[in-house]
Amino acid sequence: MQSLLEQEGEALRNRQLAELSLLAREKQETVARIDERLGQLPAVPGPKEAAIEQLFETLDLREVGEVQRVWVRVKETTARCRELNEVNGAMIALLNEQTRRSLGILLGQRFQQLCYRADGQSHTEAEARLLGES
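The residue count restarts for each chain, going from 1 along the sequence in the order it is written. Owing to the predicted nature of the model, reporting of local features is limited to residues with pLDDT of at least 70; listing and counting of side-chain atom pairs is limited to 80 or more, with chain, interface and lining totals taken over all residues. Only heavy atoms go into the side-chain values, all of them from the structure, while hydrogens and water stay out.

> What is the right way to read unusual backbone geometry from this model?
Both trends apply: most residues other than glycine have a negative phi, and most peptide bonds are in trans. At R15, a residue that is not glycine, the phi angle is positive and equals roughly 55°. Inspection of the secondary structure assignment puts R15 in the loop between helix 1 (2-13) and helix 2 (17-40). Helix and strand assignments come from DSSP, with helices taken as H or I runs of at least 4 residues and strands as E runs of at least 2, each series counted from the N terminus.

> Got a minute to help me understand the nonpolar core in this structure?
Within this scheme, the nonpolar core is defined by two criteria: the residues are buried Ala, Val, Leu, Ile, Met, Phe, Trp, Tyr or Cys, and they are joined through side-chain atoms within 4.5 Å. The buried label goes to any residue with under 20% of its type's maximum accessible area, the exposed label to any with over 50%, and the partly exposed label to all in between, with areas taken from a 1.4 Å probe on protein chains only. Residues L4, A11, L12, L20, L23, M91 and L95 constitute the largest nonpolar core, which totals seven residues. Secondary structure elements with two or more residues in this core: helix 1, helix 2 and helix 4 (61-106). It is helix 1 that contributes the most residues to this core, three residues altogether. Any two residues whose heavy atoms approach within 4.5 Å are treated as being in contact. Ignoring sequence-local partners within four residues, the contact set of M91 consists of G9, L12 and R13.

> How do you make sense of helix 2 when you look at a structure like this?
Residues spaced three or four apart along an α-helix face the same direction, because each turn holds 3.6 residues. In this model, helix 2 (24 residues) spans 35 Å end to end at C-alpha, consistent with the 34 Å of a helix rising 1.5 Å per residue. If you check which residues of helix 2 are buried, you get L20, L23, K27 and T30. What a helix is expected to span follows from its residue count: subtract one and scale by 1.5 Å.

> Explanation requested: the side chain of N88 in the structure shown.
Of note, N88 is situated in helix 4. Polar contact criterion, stated in full: a pair of N or O atoms within 3.5 Å, where within protein one must be able to donate a hydrogen and the other to accept it, and residues adjacent in sequence count only if both atoms are side-chain atoms. One polar contact links N88 to E8, side chain to side chain, over a distance of 2.7 Å. Those residues in contact with N88, other than ones at most four positions away along the chain, are L5, E8, G9 and L12.

> Could you clarify how one ought to interpret a nonpolar patch on the surface in this entry?
Like-charged residues within 9 Å of one another, or nonpolar side chains (Val, Leu, Ile, Met, Phe, Trp, Tyr) within 5 Å, are grouped into patches, provided each residue has over 30% relative accessible area and no salt bridge. Exposure was quantified through the Shrake-Rupley algorithm and a 1.4 Å probe, taking into account, for residues, occlusion by the shown protein chains and nothing else. Any Lys or Arg side-chain nitrogen found within 4 Å of a carboxyl oxygen on Asp or Glu counts as a salt bridge. A cluster of nonpolar residues, I34, L38 and L41, forms a patch on the protein surface that exposes about 240 Å² of accessible area. Tracing the sequence through the fold places I34 in helix 2. Given a relative accessible area of 39%, I34 falls into the partly exposed group.

> Looking at this model, I keep getting lost on the environment of A24. Mind explaining?
Inspection of the secondary structure puts A24 in helix 2. Through-space distance from the C-alpha of A24 to that of E8 is 8.1 Å; in sequence the pair is 16 residues apart.

> Sorry if this is basic, but what is going on with the packing of helix 1 against helix 2 here?
Two numbers describe a pair of packed helices, the interaxial angle and the distance between the axes. With axes taken as lines fitted to C-alpha atoms, and helix axes fitted only over the stretch in contact, angles between N-to-C directions fall between 0 and 180 degrees. Interaxial distance between helix 1 and helix 2 falls to 10 Å at its minimum, and their mutual angle equals 160°. By the criterion of interaxial angle, the relationship of helix 1 to helix 2 is roughly antiparallel. Note that helix 1 runs across helix 2; the crossing there is left-handed. Between helix 1 and helix 2, the residues in contact are L4, L5, Q7, E8, A11 and L12 and E19, L20, L23, E26, K27 and T30, respectively. When residues are sorted by character, Ala, Val, Leu, Ile, Met, Phe, Trp, Tyr, Cys and Pro go into the nonpolar class, Asp, Glu, Lys and Arg into the charged class, and all the rest, Gly among them, into the polar class. Among the residues making up the contact of helix 1 with helix 2, the classes are represented as six nonpolar, two polar and four charged. In these notes the angle categories are as follows: under 35 degrees is roughly parallel, over 145 is roughly antiparallel, 65 to 115 is roughly perpendicular, and the rest is oblique. The hand of a helix crossing depends on one turn: near helix anticlockwise from the far one by less than a right angle means left-handed, and clockwise means right-handed.

Structural data, given as structure tokens:
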């Protein structure tokens, strides 16, 4: 998954739409496989991560070392995947906003801009000018 997310980020930066389409399909398939494997884990109350941490407490100390190293790697990879996914999602949102604004200008449509007041509340503000207006 991490490799796919890294490839997706690169494709987004380079505006490679065909590559993005293929990667989206691969990501969906990978998520489906991950979900399937998670569904095969025994049912445990609460988050599975807590159950795995509790498992370490029951293992022989000789076994714990290697299992914990693998678990730490899994947690680090998961954290990196979350980070990459957030960055890619933000990039997609920015590209969508840029496209929406460009279409609005090209089609001569006024649109509302989301702004924030000093108190943190949001409000919309109409764009002041369109392409071709003086």
